[in-house]
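# Structure at a glance
Residue-level listing of the chains:
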Amino acid sequence: MLPSNLKLRATANSLFIRLFASFLIVVVILVSFNYFSLTFSKNKVRDEIINYNTSNLKSTTDNYEKEFELIKNQLLNLYFNENVQLMYFNGSTINYEIAAKTMQDIRQITMNSLLYLDNLILYYRKPSLVLDKNSMTSDRTFFNKFYSSKEYPLAFWQAQFQNSTNFRVYAPSNFYDIPFKNDYNSLGQAFPVLVKNNWSQDFYMAAFLNMQKMFRAFHLSINDNFFILDADGKQLFTSSTDEKLGAPPTYDYSKVYTKKDNYYYFYCKGAVSGLIYVNVIPDAFIASQVKLNVSLVSLLIVTLGISIMASLLFSFGFNQPIRRMVASFKQYNPLIPVQSRINEFNQLGSQIKLIHEDLSRKNSQLQSFAYMSSVKKIRSNLEMDFIDRPYVIVIFELTYKKRSQDQTRVEQNWSYNKKELIDFEFKKQYPESVTFQIESTRILSFAFMEETDYPALKDLLFQMKQIFDLNKEEVYVTMAVSSFYSSAAQMTEAYDEALHLSKRRCLNDETQIIDCYQALDLVTMFLTQQQEHEFAINLQAGNETETLQIVNRFLAQMNKRAVTSLQFYHFADEIIHKTLKTLTALQADYTHLGDQARLREQIIDCHTYEQLASYLVEFLTSALELVKRKKEESDPITAFAMEYLENNYSGDITLELVADKLNISSGYLSTYFKDKTGINFIDYLNNLRIRKAKEMLLQPGSRIQDVARKAGYQNMNSFNRMFKKFSGVTPSEFRKQAVSFHIS
């Protein structure tokens, strides 16, 4: 009896019986569920569709009302804008400078795409003035020509000053620009929204909201049968193209929807604007959804029979090869312990797991070596299991903020963890992907995909960016994505492209994703010959303000044009090289600043624009202090020459004149002055005169001709040429820039 029970239990635990029983259980559950669903779904489906459309309309209403509330708050905030208040309190007097600033404020608001604004106006009754984003003109000209509407003539806008309502949404209208008689340029259809302040009766604002943009952004239904009514039920807007659909029935506040003819009308009233929003759903659509469930009844019985037959065939077909595999394994190891309730899986699992783990580990290592050899063109006997499909290469460049010998082991752990994370995330989405560490701070991934899957890859990289940013205080990552390639012979080309893209990183400490589609063109910026000369002159003269101004201005231009971090580092390296060269020529001891190799490492440790700019300012300040100290060393000849030039720069000064006063030859003075100061005598004199001229040009009422004469130039051409040589601009351009900077 006992052997029979054991045999019966073994049969019950066989894969075939368990597979077939599992399929039958699933089939029975599904059939029962469908039968229950079909029995009770008809009314449920109708209710769900109604609830869905009610919820959709509420979301649409909330979106519209939030937009109106946002416009209201924006315009009320604009009331307290300093420029708006100054315009109002000036009365009939127009301050054009304030008006220009006010128009700029209006433009900034209308440029916000989330406000859906076509225009925004400020209407001052005194002096009948209208300001919008493009113009400042009289109310008659604006409403008759620039923003004309049949529904809203000039008289309508003038009457709003007597209207006590401080916020109201009016019916949309078509607005036109009429530059000439009978020449109408459509400005589109817009919602006029009026906002007033009860304390400012002679001034109000009006916003013009773009109807179509709001409809496309806020309407969530699957059809376009949408209406907007005012509080009295008057139709303000409709998007419907259904000619059979008439005006919505009267809004019943006690009902969420109303059924009329063959349509369901869903209503929702806005809390801010008081408008009534209506969404219309054809009854045929709701009926079709219910009939769809009824139609499943006819398929249920057929599906049941097919499911049972398919379960039997699939279980038999799956069980036979498993039985043959188990028989094959038993020839080598018949004593396999059973740990699961399914005999065959226990026997297969313990054997396959050991084999798979060993082969997987070895194959993964060999595959990584094979790919690395192919990328770097290293001859190898390893065979690469390359998948003949389109692929991209993604380089992950790790940059560590803290650099020290003690940090080496930490960086190795970081790199390993990052590599494992990248490999895990890529294999989830691209099982054939290969990831390996090619350098100490560089990880490489091959992702095999079709070009249509590229957006999914970008989404994956953005998700990984969020993970990397959790540790951005320690390390940040540059992710460079190559173009699509399809051949193993192109691996080196793909790697070189991704490596080239990684060098387009901007100077910041954020994780960046760079690909061939969005990578900015490389912008190469160098100091012009004139700027280099101006920098050298001011550096040699010890002019701290002018020297730092040149460097900071050029850094700001580089930052504005979004040049790469390598371009920033190259510029900083050039500045340091020129500075050290000048200090060497002056025989100044700058050993405490460090050699150029050490300084170059400090440049690389600057991970943001602000850090690099601060570092260069600190370095140049220290270097210029050395220059000043060198110049202040006791030297009677250069001291006399500099003092004489400072006191007599406006006169006719020559090298021979100063040499005579020192009772030495002009050639000796020229050589001696250049050796001690690092700058030619005549360059020092012209630089001094131009600095004095700049000071005089900033004085109110000064004339350029008088400044030139006082600075020691009797010829205007010579003055203009020298001024541009040492300043980069002409005297008149310098004055304009100074005035513009003062105003801003």
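Refer to the structure presented above.
Residues numbered from 1 in each chain as written. Predicted model: local features only at pLDDT ≥ 70, side-chain atom pairs only at ≥ 80, totals over all residues. Heavy atoms only, no water.

What follows concerns the pattern of salt bridges. What the rule picks out here adds up to 15 salt bridges. As a salt-bridge pair, glutamate 646 and lysine 692 come within 2.8 Å of each other at their nearest N and O atoms. A residue pair is termed long-range when its members are at least 10 positions apart, and glutamate 646 in helix 19 (residues 636-648) and lysine 692 in helix 22 (residues 681-697) qualify at 46 residues. Owing to a relative accessible area of 18%, lysine 692 belongs among the buried residues under this scheme. (Salt bridge = Lys/Arg side-chain N within 4 Å of Asp/Glu carboxyl O. Helix = DSSP H or I, 4+ residues; strand = E, 2+ residues; numbered from the N terminus. Buried < 20%, exposed > 50% of the residue type's maximum accessible area, 1.4 Å probe, protein only.)

A contiguous nonpolar patch, built from Met309, Leu312 and Leu313 and spanning about 290 Å² of accessible area, is present on the exposed surface. Its place among the elements puts leucine 313 in helix 9 (residues 297-330). Assessed through its relative accessible area of 56%, leucine 313 is described here as exposed. (Patch = residues over 30% accessible without salt bridge, like charges linked within 9 Å, V, L, I, M, F, W, Y side chains within 5 Å. Areas by Shrake-Rupley, 256 points an atom, 1.4 Å probe, with all protein chains shown as cover.)

With that settled, the discussion passes to the packing of aromatic side chains. For the structure shown, the criterion picks out 48 aromatic pairs. An angle of 15° between the planes, with centres 5.0 Å apart, marks the rings of phenylalanine 143 and tryptophan 157 as stacked. With a gap of 14 residues between them, phenylalanine 143 in helix 5 (residues 139-146) and tryptophan 157 in helix 6 (residues 154-159) connect regions that are remote in the sequence. In terms of burial, phenylalanine 143 and tryptophan 157 fall into one category: buried. Connected via pairs of aromatic rings, a cluster forms that spans Tyr123, Phe142, Phe143, Tyr147, Tyr152, Phe156, Trp157, Phe161, Tyr170, Phe175, Tyr204 and Phe208. (Phe/Tyr/Trp six-rings, centres within 6.5 Å; stacked < 30°, edge-to-face > 60°.)

Quick look at the pairing of strand 13 (residues 391-400) now. Looking along a regular strand, one sees the side chains alternate between the two faces of the sheet. Of all the 10 residues making up strand 13, nine are buried; the element is thus mostly covered by neighbouring parts of the structure. For strand 13 and strand 15 (residues 442-448), the ladder comprises seven bridges, and the chain directions are antiparallel. Within the sheet, the bridge partner assigned to tyrosine 391 lies in strand 15 and is phenylalanine 448. (Pairing = 2+ DSSP bridges.)

On to the sheet that holds strand 12 (residues 276-282). With antiparallel pairing, the five strands of this open sheet are ordered in space as 9-8-12-11-10. Unpaired on one side and paired on the other, strand 9 (235-238) and strand 10 (257-260) mark the two borders of the sheet. Neighbour to neighbour, the strand axes of the sheet diverge by 25° on average, direction disregarded. (Axes fitted to C-alpha atoms, helices over the stretch in contact; angles between N-to-C directions.)

Take the sheet that holds strand 14 (residues 434-439) next. The strands making up a sheet associate through backbone hydrogen bonding, with each pair oriented either parallel or antiparallel. Taken in spatial order, the five strands of this open sheet run 14-15-13-16-17, and their pairing is mixed. Edge positions in the sheet fall to strand 14 and strand 17 (512-515), since each has one partner strand and no second. On average, adjacent strands in this sheet sit at an angle of 20° to one another, irrespective of strand direction. Note that strand 13 and strand 16 (residues 475-481) share seven bridges and pair antiparallel. Looking across to strand 16, one finds that threonine 399 is bridged to tyrosine 476. Of the strands in this sheet, strand 13, strand 16 and strand 17 are in contact with helix 12 (residues 454-468), which crosses strand 16 at around 170°. Packing against the sheet, helix 13 (residues 491-502) makes contact with strand 13, strand 14, strand 15, strand 16 and strand 17, and its axis sits at approximately 40° to strand 13. (Contact = heavy atoms within 4.5 Å.)

This brings us to the packing of helix 14 (residues 529-541) against helix 15 (residues 544-560). In the contact formed by helix 14 and helix 15, the axes pass within 8 Å of each other and the chain directions differ by 145°. Classified by chirality, the crossing of helix 15 by helix 14 is left-handed. The segment helix 14 lies against helix 15, with Gln531, Glu534, Phe535, Asn538 and Leu539 engaging Glu546, Thr547, Ile550, Val551 and Phe554. Residues of the contact of helix 14 with helix 15, tallied by class, amount to five nonpolar, three polar and two charged. (Left-handed = near helix turned anticlockwise from the far one by under 90°. Nonpolar A, V, L, I, M, F, W, Y, C, P; charged D, E, K, R; others polar.)

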